[in-house]
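So the chains spell out like this:
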Amino acid sequence: MTPDTEYNYPRPLAETLWELNRRHERLVQGLSIMRQIDEFDDPALDLEIVFLRLLGTLSLGLRAENASLMLLDPTGEFLELRAACSPLEEEGQSFGSGEWSGKRFQRGEGIAGKVAQTGKPFRLDDTTKSSEFAVLKSSDVEVRSLLCYPLILKDRPIGVLNMSQSRPAHFSIESERILALVAQRAARVVATHLLHDQVRRSEEHYRLVSTNASDGLLVLDPDGRVLDANPAVERITGVRVREILSGDVAWTTLVHEEDRLLLRQCRSVASQSGGPAMVEYRLIDSSGKTHHVEERCTLLRGARGEEPLLVSVLRDTTERRRAEEERRSLEMHRLESLNRMAGGIAHDFNNLLMGITGNTNLMLMDLSPDSPFRESVEEIEDSALRAQEMVSQLLAFSGLGTFLVQTLDLTRLVREMHPILEASIPSETALEMDLDEAVPSIKADATQLRRLVTCLLNNSVESLVNRDGTIAIRTGAIPADRSYLASCCVDDDLVPGRYVYLEVEDTGCGIDGSLVAKIFDPFFTTKFTGRGLGLAAVLGIARAHKGTVRLESEPGRGTRVRVLFPVVKGAPKPAPRHDESSGEWQAGGTVLLVDDEATILGLGKRMLEKAGFTVLAAADGKEAVDVFSQRHADIVCVLLNLSMPRMGGGEALAAIRKIRSDVPIIVASGYSEEEVAKQFASGTLAGIIQKPYRFSDLIALLRQVLSSPH
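Because the structure is a prediction, the values reported are computed rather than measured.

Chemist: I'd like a description of the overall build of the protein chain, backed by residues and values.
Modeler: A tally of regular secondary structure across the protein chain gives 19 helices and 23 strands. Counting every position in the protein chain, which comprises 710 residues, the buried fraction comes to 47%. In the protein chain, 67% of the contacts between residues at least 6 apart in sequence involve partners at least 24 apart. Approximately 35,800 Å² of the protein chain is accessible, and the part contributed by carbon and sulfur atoms is 50%.

Set out below in structure tokens:
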């Protein structure tokens, strides 16, 4: 190949590369804005500061001249202007939140009101040509372009972000997509700070009450009868103290029947040991309301000849537990939104990679071994394959990755990796292995577990930069009760029981406590930028295997990460394999190809025609149903995408089945085969193929489907 060789790449490949670059820039911009939002997600910050910083970050990212934040009031009927700013103007012209005091709008009124009502974004290229836009009488801000986006929390609008520009057609569909990428995170930030503000006020009220009232106090004899009680007991139980002291109301009747044994055991331990003992249980007050209480028992020894007594301090923890559960729920929703974002990005990239790998695949089939283009095309294919690896990490983080589940011995897997792990660490770092030979088996994907071990080791190595240290890798099994699982990074309502663990501990720099909540976020790092998914993928792999992660760290003293996997019995059924039986097979007939991506539609058409099929193409589900209704007698198979405008793949599949129930339907998706299969009843699909797929993968699946009796 000479330096002056002229390259003429096929037009579909060039367009696909350009589109990949454009979407990559949008993703980077969105992630940059999201990182900045995370920077000020600090509960200690005042609400006004958080709102103004949020608006400033979004405005600068989208080059908006003016921005405002409107939130629905507690009734959900009115929108209130909470903050506004002009980040591109001089600082003296910025709006202060006080200027908006008292400004309210009816839900459904105006553009912002309709966005809050419908939960759908609204983009206006020229306000002078729209009757829906009305300028506030008190405003002298010129607005020509407008972009309003809803803030959604738990599928319910909580407010609206408004971006404006004095130039027409400033905001594009790309602007809307970037805002869509970060709007969920912005909604979580707003909701979190509103919650913290509410909790802060509740805590101030609680402290005021606490200074004027003490915890409940009980004095009991060895038989558990209450001999004395203070007024706070009456406040907690709703039962008059004299009724408790007289025995008319026995204390055990106030305790939830499932918790009475726990209370007896705690008091027995305190009586026998003489030391304090603590128990948490549910107490039913006189109105039937359930309280969560902590009781601390201590033995009070009497004078010679007198029986010892038990002194119990009773604390109502109901409100504290409710606040903790609410904060945990918000954290779970934040992680779920990140999961959806990661899964969506991976799906989008798989579609793009389909255009690249598919075109290069076809080109390599046609190019001769000595073609001057072959080396360049192979390099493009290699780059696309590396991109696929990144996509698989995104899917692993979101819990949507492809898994080959089998019964595994975790200790054996880690031991087999020992030579590779030893070679991966610096010479000044010591690697210690403490592996339990008797660990129970788990059901897992070996490739994903190896990736998990490697991620944890790399994280420990980076924490030991510029210092000598030790990394210890351990395996074992432990019983995990409800409280232990609740202390892990993500609970996911895991079932208490016996869990196998993989633990990696280092003597590195450690992690500050304020950063622990963010350490499993994608692209977050305490070192330097551009580090990728890392621990986020670890958490995703653990969750996909019905497990969780527990992290302990202290600055200057190292970090310990323990990944838990549930113990299971029995071996899984082997996954069905495509029939690769020998014999001649000739492709033929008409295939209906459905995909809303023009690049994939054109590529799939060329693949199918190259194999010998006649192809009917449809750009969405509605068009597919129309084509099928006209040509259903000729069609031998339908290759159907899932996520499409107007009519999705699932709805189109149901409509096609009504026209002709026996036609084989193959679903093509950027999500994993397992994730797609969950959406359909058994026997509904003839096959599933994951994007990006190669020519040989598609033809092999079609051969299997069309060779089988329907």
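Still to come is the rest of the account.
Chemist: Report on the pairing of strand E15 (residues 469–480), specifying residues and quantitative values.
Modeler: Two faces, one strand: in a regular strand the side chains alternate between the faces of the sheet. The buried fraction of E15 is high, at 9 of 12 residues. With 6 bridges connecting them, strand E13 (residues 429–434) and E15 associate as parallel partners. Across the sheet, Leu431 pairs through a bridge with Ile471, a residue of E15. Pairing analysis gives 10 bridges linking E15 to strand E16 (residues 497–506), with the strands arranged antiparallel. Counted as the bridge partner of Ile478 is Tyr499 from E16.

Chemist: An account of the pattern of salt bridges is requested, with residue identities and associated values reported.
Modeler: One side chain can pair with another of opposite charge once the charged atoms of both are near each other. Enumeration over the complete set of coordinates arrives at 26 salt bridges. We note a salt bridge from Glu174 to Arg177, for which the minimum N-O separation is 3.3 Å. Here Arg177 and Glu174 lie together in helix H4 (residues 173–210), a separation of 3 residues that amounts to about one turn. Judged by its relative accessible area of 37%, Arg177 falls in the partly exposed class.

Chemist: Describe unusual backbone geometry, naming the residues involved and giving the relevant values.
Modeler: The backbone of Lys546 sits at a positive phi, close to 60°, despite the residue not being glycine. Here Lys546 lies in the loop between helix H14 (535–544) and strand E17 (548–554). Residue classification places Lys546 among the exposed positions, given a relative accessible area of 59%. Backbone geometry places Arg646, a non-glycine residue, at a positive phi of 65°. Checked against the element boundaries, Arg646 lands in the loop between strand E21 (635–641) and helix H17 (649–659).

Chemist: Talk me through the sheet that holds strand E10 (residues 290–300); I want residue IDs and the actual numbers.
Modeler: Read across the open sheet, the 5 strands follow the order E8-E7-E11-E10-E9; overall the sheet is antiparallel. The sheet is open, and its two edges are formed by strand E8 (226–229) and strand E9 (277–284), each paired on a single side. Taking each pair of neighbouring strands and ignoring which way they run, the sheet shows an average axis angle of 30°. Where E10 and strand E11 (residues 309–316) come together, 8 bridges link them in antiparallel fashion. Among the inter-strand pairings, Cys297 is bridged to a residue of E11, identified as Ser312.

Chemist: Tell me about the sheet that holds E16, and please be specific about residues and values.
Modeler: Spatial strand order, E13-E15-E16-E18-E17: 5 strands in an open sheet with mixed pairing. Of all strands in the sheet, those bounded by a partner on one side alone are E13 and E17. Averaged over neighbouring strand pairs, the angle between their axes works out to 15° when direction is ignored. Contacts from helix H12 (residues 446–463) reach E13, E15, E16 and strand E18 (558–566), with the element oriented near 35° to E16.

Chemist: Can you tell me about the confidence of the model for the protein chain, naming the residues and giving the values?
Modeler: Averaged over every residue, the pLDDT of the protein chain is 78; residues scoring 70 or more account for 75%. This model gives residues 206–213 a pLDDT under 50, and the stretch forms 0 contacts once residues within four places in sequence are excluded. Segment residues 527–533: pLDDT under 50, and 12 contacts once partners within four positions in sequence are set aside and those in other chains are kept.

Chemist: Outline the side chain of Ser68, supporting the account with residue identities and numerical values.
Modeler: Of note, Ser68 is situated in strand E1 (residues 66–72). If we skip the residues at most four places from it in the chain, Ser68 touches Leu55, Leu81, Ala83, Ala84, Val160, Leu161 and Asn162.

Chemist: Can you break down the environment of Val453 residue by residue, with the values?
Modeler: Summarising the element assignment, Val453 is placed in helix H12. The class for Val453 is buried, based on a relative accessible area of 1%. Sequence separation between Val453 and Leu421 is 32 residues; the distance between their C-alpha atoms is 8.9 Å. Once residues within four sequence positions are removed from consideration, Val453 is found in contact with Met417, Leu421 and Leu502.

Chemist: Talk me through the environment of Gly540; I want residue IDs and the actual numbers.
Modeler: Relative to the assigned elements, Gly540 resides in helix H14. Separated by 88 residues in sequence, Gly540 and Leu452 have C-alpha atoms that sit 9.6 Å apart.

Chemist: Break down the nonpolar core for me, citing the residues and quoting the values.
Modeler: In this structure, Leu456 and Val563 are the most contacted members of the largest nonpolar core, which totals 39 residues. Put simply, the parts of the chain that give this core at least two residues each are helix H11 (410–423), strand E14 (442–444), H12, E15, E16, H14, E17 and E18. The biggest single contributor to this core is H12, with 8 residues. Leaving out residues up to four positions away in the same chain, Val563 has contacts with Leu452, Leu456, Val500, Tyr501, Leu502, Val538, Ala542, Thr548 and Val549. Counting residues in hydrophobic clusters, the runner-up holds 35 residues, among them Leu45, Ala83, Leu147 and Ile178.

Each value, and the rule that gives it
- Residues numbered from 1 in each chain as written.
- Predicted model: local features only at pLDDT ≥ 70, side-chain atom pairs only at ≥ 80, totals over all residues.
- Heavy atoms only, no water.
- Helix = DSSP H or I, 4+ residues; strand = E, 2+ residues; numbered from the N terminus.
- Buried < 20%, exposed > 50% of the residue type's maximum accessible area, 1.4 Å probe, protein only.
- Contact = heavy atoms within 4.5 Å.
- Areas by Shrake-Rupley, 256 points an atom, 1.4 Å probe, with all protein chains shown as cover.
- Pairing = 2+ DSSP bridges.
- Salt bridge = Lys/Arg side-chain N within 4 Å of Asp/Glu carboxyl O.
- Axes fitted to C-alpha atoms, helices over the stretch in contact; angles between N-to-C directions.
- pLDDT = per-residue confidence, 0-100.
- Core = buried A, V, L, I, M, F, W, Y, C linked by side-chain atoms within 4.5 Å.

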